[in-house]
Amino acid sequence: MATASPSTAIDSAADLPQPTDVQQKVLDRIATQRARLRARRAARAQSLALTQQRDGSGGIDESVALRAIGFAREHPIALVALAGVGLLAGPRRLIRWTGVVLPLLLRLRR
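Residues numbered from 1 in each chain as written. Predicted model: local features only at pLDDT ≥ 70, side-chain atom pairs only at ≥ 80, totals over all residues. Heavy atoms only, no water.

**A word on the packing of helix α3 (residues 64–74) against helix α4 (residues 76–89)**
Contact geometry of α3 with α4 gives a least axis separation of 5 Å together with a crossing angle of 105 degrees. In terms of their interaxial angle, α3 and α4 are classed as roughly perpendicular. For the pair α3 and α4, the contacting residues are Phe71, Ala72, Arg73 and Glu74 in the first and Pro76, Ala78 and Leu79 in the second. (Axes fitted to C-alpha atoms, helices over the stretch in contact; angles between N-to-C directions. Helix = DSSP H or I, 4+ residues; strand = E, 2+ residues; numbered from the N terminus. Parallel < 35°, antiparallel > 145°, perpendicular 65-115°, else oblique. Contact = heavy atoms within 4.5 Å.)

**Quick notes on a nonpolar patch on the surface**
Among the surface-exposed residues, Trp97, Val100, Val101, Leu102, Leu104, Leu105, Leu106 and Leu108 lie close enough to one another that they form a single nonpolar patch of about 800 Å² accessible area. On the secondary structure map, Leu106 appears in helix α5 (residues 91–109). Residue classification places Leu106 among the partly exposed residues on the basis of a relative accessible area of 46%. (Patch = residues over 30% accessible without salt bridge, like charges linked within 9 Å, V, L, I, M, F, W, Y side chains within 5 Å. Areas by Shrake-Rupley, 256 points an atom, 1.4 Å probe, with all protein chains shown as cover. Salt bridge = Lys/Arg side-chain N within 4 Å of Asp/Glu carboxyl O. Buried < 20%, exposed > 50% of the residue type's maximum accessible area, 1.4 Å probe, protein only.)

**Describing α4**
Under the 1.5 Å per step criterion, the end-to-end length of α4 is 20 Å for 14 residues, consistent within 8% with the ideal 20 Å. Phi for Gly90, located one or two positions after α4, is positive at around 95 degrees. (Expected span 1.5 Å × (residues − 1).)

**Some words on a positive patch on the surface**
A surface patch of like charges, here positive, comprises Arg34, Arg36, Arg38, Arg40 and Arg41. One can find Arg34 in helix α2 (residues 21–55). (Lys, Arg positive; Asp, Glu negative; His and termini not counted. Charge placed at Lys NZ, Arg CZ, Asp CG, Glu CD.)

The structure is reproduced here in structure tokens:
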């Protein structure tokens, strides 16, 4: 089965009858939808490119400090809530829990 070249597609389109008003409305809606989808696809690609450029590699290979800073930027409310819990718990409990959690975190990093 042979594929039509662009020139034969134009020639065959000239042989087609003119669409009715209802058909033309449908064709216009299809063209509008295709343009909207193309624009959305381009906007998503641009957004992904900007995110990758802004965040750098942004992967799991980054240091814990860089990942913590990134988390703090993305979730400021969670950081405030965590600070509030720390203030309510008091310094003695924070030091005690740090002694429990820190070895676990260090074991997970290996």
